[in-house]
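Secondary and tertiary structure notes
Each chain is listed here by its residues.
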Amino acid sequence: MGHTLESLTTVRGQQPARTWLCPYAPGTYAWWQVVTLSLTQPGQHLVVVEPDQLDDWPALAAEHGVDAASGTPTFWRRALHRDPAGLARVPLRQLTLGGEPVDQTILDRLREVFPAARISWIYASSEVGAAIVVHDGRAGFPVDWLDRAAPGRPTIGVRDGELVITSPYHGAGLDGPVRTGDRAQVSGDRVLITGRLDADEINVGGSKVSAGVVRDVLTAHPQVAWARVTGRRAPLLGHMVVAEVVPTAGAKLDEATLVRWCADQLPEYAVPRRIRVLTEIPVKETLKSDV
């Protein structure tokens, strides 16, 4: 997917001077977003984190006075899990999350650590560019943003449960509405993005389960730092819901406790039948945990 400097540069308004942490792998779309910000906006400085420094980035950021950082929810969850005290010492005024579904739990946990900072969620991809930006601390985006046309801004829609975006920042060769492949659902006054269509929906005996909804229930448990939910083939049912979780530091979680937690909040068919407890949050080079 090709881009020009113009299509990559989506931040054009005057910005306060900041020192940004850039933890992304060079050449990725998220890396370009941070780099073009530093190239086109005055007073935007970069501190680049090498892959072998990711586990200790809070100490590096504090040393260099980083006050703004962009990362995936997995990136932030790992920092909260591994070194919450070190993270709290970073003088952050701007936190940005993107690249994965963002749930209310991670937003609330970051707010507890950084009560005065601005916390932003950005939906961006190499196909449609930076299309959605939310600063209100709530998961998803307002439902009244749907199908709202404005000059120079993306138009956001939901068609058959899929997020569809028409964007002025699209990649080369694209035009008009782009089907993103991400599942979106309206919940009250918000539109929530729960995951990729090809992976989010689990068919359990004819009943449809959103892996993202089950994941959000698990991560809302006060002793769960991270969770991943998938479907596994099963006799009669076709598939059953299974999960992996990482407990918070010092927590003694067991499968039965988490099954009961889910059973109190989910339909019986959506409750995970197997929950594996891991010791570390898995992460890919992209800073995502879809491994």
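Quick look at the structure, then. Keep in mind that this is a model prediction, so the values were computed, not measured.

This part is about the overall build of the protein chain. Helix and strand content of the protein chain: nine helices and 16 strands. On C-alpha atoms alone, the protein chain measures out to a radius of gyration of 19 Å, which is about the 19 Å that the 2.2 N^0.38 rule sets for 291 residues. When its C-alpha atoms are laid out on the principal axes, the protein chain stretches across 60 × 45 × 30 Å. Out of the 291 residues in the protein chain, the part that is buried amounts to 48%. For the protein chain, long-range pairs separated by at least 24 residues make up 60% of all intrachain contacts whose partners lie at least 6 apart in sequence.

Moving on, we get to the pattern of salt bridges. Within the structure shown, the criterion is met by 15 salt bridges. Between Arg-179 and Glu-162 there is a salt bridge, with the nearest N and O atoms lying 2.8 Å from each other. You can see Arg-179 sitting in strand β10 (residues 178–187) and its partner Glu-162 sitting in strand β9 (residues 162–166), a full 17 residues away along the chain. One continuous salt-bridge network, built from bridges that share partners, spans Asp-55, Arg-78, Arg-82 and Glu-280.

Take the environment of Val-158 next. Mapped onto the fold, Val-158 is located in strand β8 (residues 155–159). When neighbours within four sequence positions are excluded, Val-158 is seen to be in contact with Leu-146, Ala-184 and Val-191.

Following both chains from N to C, one finds helix α4 (residues 73–82) and helix α6 (residues 104–113) inclined at 50 degrees, their axes separated by 11 Å at the closest point. When the axis of α4 is compared with that of α6, the two are oblique. Helix-helix and strand crossings are classified by hand; for α4 and α6 the assignment is left-handed. Packed against α4, whose contacting residues are Trp-76, Arg-77 and Leu-80, the element α6 presents Ile-106, Arg-109, Leu-110 and Val-113 at the interface. Partitioned by chemical class, the residues of the contact of α4 with α6 number five nonpolar, no polar and two charged.

Taken across its 10 residues, α4 has nine buried, putting it largely inside the fold. For α4, the complete set of buried residues consists of Pro-73, Thr-74, Phe-75, Trp-76, Arg-77, Arg-78, Ala-79, Leu-80 and His-81.

How each quantity is defined
Residues numbered from 1 in each chain as written. Predicted model: local features only at pLDDT ≥ 70, side-chain atom pairs only at ≥ 80, totals over all residues. Heavy atoms only, no water. Helix = DSSP H or I, 4+ residues; strand = E, 2+ residues; numbered from the N terminus. Rg over C-alpha atoms; globule rule 2.2 N^0.38 Å. Buried < 20%, exposed > 50% of the residue type's maximum accessible area, 1.4 Å probe, protein only. Contact = heavy atoms within 4.5 Å. Salt bridge = Lys/Arg side-chain N within 4 Å of Asp/Glu carboxyl O. Axes fitted to C-alpha atoms, helices over the stretch in contact; angles between N-to-C directions. Parallel < 35°, antiparallel > 145°, perpendicular 65-115°, else oblique. Left-handed = near helix turned anticlockwise from the far one by under 90°. Nonpolar A, V, L, I, M, F, W, Y, C, P; charged D, E, K, R; others polar.

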